[in-house]
Each structure stands twice: as structure tokens, then as C-alpha cells.
Amino acid sequence: SCLNEKAPIIEDLEVRLLEGSASRAQRLGTFIRSTNFASVSGIEEPSESMVQWVADREAVLREADLVFEDASEEFSSLQAVWAKLQPWRRQYTKKYKEAFMGEMLPSILSPFLRLESLEWNPVDSPAVDELPFVATLFDENEDSMDDELNAGDDSLVPRLVSMVIVPRILHALQREYTPTMLTQSKSLAACVESASMFLEDEDPAAIKSMITAAATAMRASIEQVEMVNDLHESAAFQLVLLVESAGCWSNLLSPSTMQSIVLDLLISERLLGCLKSLTPSNCMDVAFKLLPLIPLSWGLRSAGQPLHPTLQSLNAHIHA
């Protein structure tokens, strides 16, 4: 069929786009490793590191626009195919159900969604619930609360999210994510959180995979911070930025995981060793930026008890 012929083309475009995004992340990582952080202010991705990515992305998107140019208009996009199905779905609901269309729709629509979502990058794009396909499919389903009419389509969006969107998010977390960039952490956390809303009943394992990938990426980024003696100041400022990025995941990671990343790995194992080399002025800059980022509940073991040991050590270093 025409769709079977298009699927390999779409897959090739997707692979090229994802490889380009991964290369962008590698260039950004190289830039960060060579940057001497002079303050706790965030950094911006240098425009030169994006030039190749933008060029590659635009080339892929131009080819994507041509994939269905030889198909009739009514079979050229997810929105068009979905609209084509509506008369059958509404007027011949029994036959629609007997044909198991509710079960088949994700496989039919997923190639179109993969093609359309080439423009979407979870690292710096809208959350999942803001993507056009969600409004298209939900609006039609919500026109009627009739279970007969929905004919199994009520799980369509969650299944498409699981099939198409989750792999994109996982790729972003595993190969594109640079946690030092706060904007990326905010965007990816929003994408994981919004995707999870669709997957609670459909695919809880996918939620766990995304959250695990986020925690792994945070830990890897912390461990990559250079701790060379003459770079302690730069390392301290970078670690504070990573504390802020970790906070973006607080609604998704468990409290124990958050404390393990922030208190144990970031502060106890890494940051405390830098503070003794900082000037009093820089040490106070770190303190003013860092302390508001730590939830008050972390400071206490239980009501009225002493500060968490890591925070005791941090307090001692700051006021030394």
C-alpha cells in the first residue's frame, strides 16, 4: 500500500533528524566543558553551535513536506485521514466497530504523526498536550460522550503517545539533553509530565522509563563537571546551575531520588569540595543562589530535628 511505501522514507527522515539533534548536543557539551563559568547566571547556547543543526533540520523538513505530495489531499495528513473516517465512524458505527477500527487506528495514524512530529523537539518545544494531533483527535471524540460512537477511540491519543511520542522523549533524554541548560530541563520536564498524564492507564512502564532516563541524565551531567583544582570556582557555579535544573524534575522524581541527586551527589560529593577554594564573595554568591533552591522540608530529618547532615556541612562551609 501507499502507506507501507512511505513508512521507510519517514523512518529515514526521523533517523536523520534525531542524529542531527544528537550532534547538536555533542557540540553544546563541548562548549560547556570549555566554558569557565564566572557566575551563577545561566548560559545560552552559542549561535554557532546551532548553525549545522538548523541547516540539517530544515533540509529534513523540506523533504518531509514532499513525502505525501503524490497522495490525494484526503490521505496526506493525520488530520485529513481522521476527517475522512468521521462519516463512517458516525453513520455506520456498528460496521466501524466490527472492522476493529479502534484497535487499528494507532497503526494507521502513527506514520502520519511521526512525519508531523519531525518539527517537534522535546528539548525546546511545546509540551505533549499542546501538539496539534491531541486537539484534533480529542475534539472529535469529545463532540459526543456516546460510548457507541467512540467505538474504542477513547484510548487513541494515549496509544499514539506511547508509540510515537515516548520514543522521541527518550531519545531526547538519552542523547540530546544538556541539564546545565535550564531551558532544556524546563521543556523536557514539561514534556514528560504532560505525556505521563496520557499514559497513567495505558503504559505506566513508559512513564517509569522516562523518569529513569531523566535521573540518569542528571547524574551523568553532574559527574562530568570538571573538578580540576584551578577550576573549582567554575565547577561550583556550574553545580549550582545543575541544582536549579534538578528542581525542574521535582514533580516527577521521587523525594528520595531528588535528595540523592541534589544532596548526596551534587552538594555532598561535588560542591562541598569546591567551596573551600572560593573567595568569600563567590561563596556568598553560591549561597544566595543555592539555598532558595533547596526545599525547606529537606533541611529537617523530622519536625524539630537538626539540619540534614549535608546541609549542616554546607552551612559550615558558607559561614567559615
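Look above for the structure.
Okay, so let's go over this structure. Model, not experiment: these values are computed from the prediction.

Parameters and conventions
Residues numbered from 1 in each chain as written. Predicted model: local features only at pLDDT ≥ 70, side-chain atom pairs only at ≥ 80, totals over all residues. Heavy atoms only, no water. Core = buried A, V, L, I, M, F, W, Y, C linked by side-chain atoms within 4.5 Å. Buried < 20%, exposed > 50% of the residue type's maximum accessible area, 1.4 Å probe, protein only. Contact = heavy atoms within 4.5 Å. Axes fitted to C-alpha atoms, helices over the stretch in contact; angles between N-to-C directions. Helix = DSSP H or I, 4+ residues; strand = E, 2+ residues; numbered from the N terminus. Parallel < 35°, antiparallel > 145°, perpendicular 65-115°, else oblique. Nonpolar A, V, L, I, M, F, W, Y, C, P; charged D, E, K, R; others polar. Expected span 1.5 Å × (residues − 1). Bend = angle between axes of the 7 residues up to and from the residue. Phe/Tyr/Trp six-rings, centres within 6.5 Å; stacked < 30°, edge-to-face > 60°. Lys NZ or Arg CZ within 6 Å of the ring centre and 35° of its normal. Salt bridge = Lys/Arg side-chain N within 4 Å of Asp/Glu carboxyl O. Polar contact = N/O pair within 3.5 Å; in protein donor to acceptor, adjacent residues only side chain to side chain.

Here we look at the nonpolar core
For step 1, the next point in the chain: The biggest cluster of nonpolar side chains holds 92 residues, and the ones touching the most others in it are Phe133, Val161, Ile169, Leu173 and Trp249.
For step 2, the next point in the chain: Leaving out residues up to four positions away in the same chain, Phe133 has contacts with Leu78, Gln79, Leu113, Val157, Leu160, Val161 and Ile165.

Description of the packing of helix H3 (residues 78-91) against helix H5 (residues 101-116)
For step 1, the next point in the chain: As a packed pair, H3 and H5 sit with axes 9 Å apart at the nearest point and diverge in direction by 155°. As summarised for this structure, H3 and H5 are arranged roughly antiparallel, according to the angle between their axes. Residues Leu78, Gln79, Val81, Trp82, Leu85 and Trp88 of H3 form the contact with H5, whose own contacting residues are Met101, Leu105, Ile108, Leu109, Phe112, Leu113 and Glu116.
For step 2, the next point in the chain: Per-class residue counts for the contact of H3 with H5 are 11 nonpolar, 1 polar and 1 charged.

Digging into H5
For step 1, the next point in the chain: Helix length check: H5 (16 residues) gives 22 Å between terminal C-alpha atoms against 22 Å at 1.5 Å per residue, within 8%.
For step 2, the next point in the chain: At Ser110, H5 is bent by approximately 40°, the largest bend along its length, and proline Pro111 sits one to four residues beyond.

A short note on the packing of aromatic side chains
For step 1, the next point in the chain: Counting across every chain of the model gives 2 aromatic pairs.
For step 2, the next point in the chain: The interplanar angle of 20° and the centroid separation of 4.9 Å between the aromatic rings of Phe68 and Phe112 together place this pair among those described as stacked. Taken as a pair, Phe68 in the loop between helix H2 (47-64) and H3 and Phe112 in helix H5 lie far apart in primary sequence, 44 residues in all. Like Phe112, Phe68 is buried.
For step 3, the next point in the chain: Judged by centre distance (6.1 Å) and plane angle (65°), the ring pair of Tyr177 and Trp249 falls under edge-to-face. You can see Tyr177 sitting in the loop between helix H8 (156-176) and helix H9 (182-199) and its partner Trp249 sitting in the loop between helix H11 (232-247) and helix H12 (255-275), a full 72 residues away along the chain. In terms of burial, Tyr177 and Trp249 fall into one category: buried.
For step 4, the next point in the chain: Geometry around Phe68 places Lys6 over its ring, the cationic atom sitting 6.0 Å from the centre.
For step 5, the next point in the chain: The residue whose ring lies beneath Arg24 is Trp53, and the NZ or CZ to ring-centre distance is 4.1 Å.

Brief notes about H3
For step 1, the next point in the chain: A rise of 1.5 Å per residue sets the reference length of H3, with its 14 residues, at 20 Å; its end C-alpha atoms lie 21 Å apart and thus fit the reference within 8%.
For step 2, the next point in the chain: By the largest-angle criterion, Leu85 marks the main kink of H3, which is about 30°, and a proline, Pro87, follows within four residues.
For step 3, the next point in the chain: Those residues of H3 lying buried are Leu78, Ala80, Val81, Trp82, Leu85, Gln86 and Arg89.

A look at the pattern of salt bridges
For step 1, the next point in the chain: For the coordinates displayed, the defined rule picks out 9 salt bridges.
For step 2, the next point in the chain: Glu14 serves as the salt-bridge partner of Arg114, at 2.5 Å between the closest nitrogen and oxygen. On the criterion of sequence distance, the pair formed by Arg114 in helix H5 and Glu14 in helix H1 (residues 2-33) is long-range, its members being 100 residues apart.
For step 3, the next point in the chain: A salt bridge links Glu63 to Arg16, with the nearest nitrogen and oxygen atoms 2.9 Å apart. Taken as a pair, Glu63 in helix H2 and Arg16 in helix H1 lie far apart in primary sequence, 47 residues in all.
For step 4, the next point in the chain: Several salt bridges share partner residues, and in doing so they unite Asp12, Arg16 and Glu63 into one network.

Re the side chain of His232
For step 1, the next point in the chain: Turning to its location among the elements, His232 is positioned in helix H11.
For step 2, the next point in the chain: Looking at His232, the relative accessible area reads 10%, which means it is buried.
For step 3, the next point in the chain: At a separation of 2.9 Å, a polar atom in the side chain of His232 contacts the side chain of Ser277.
For step 4, the next point in the chain: Sequence-distant contacts of His232, defined by excluding residues within four places in its chain, comprise Met227, Gly273, Cys274, Ser277 and Leu278.

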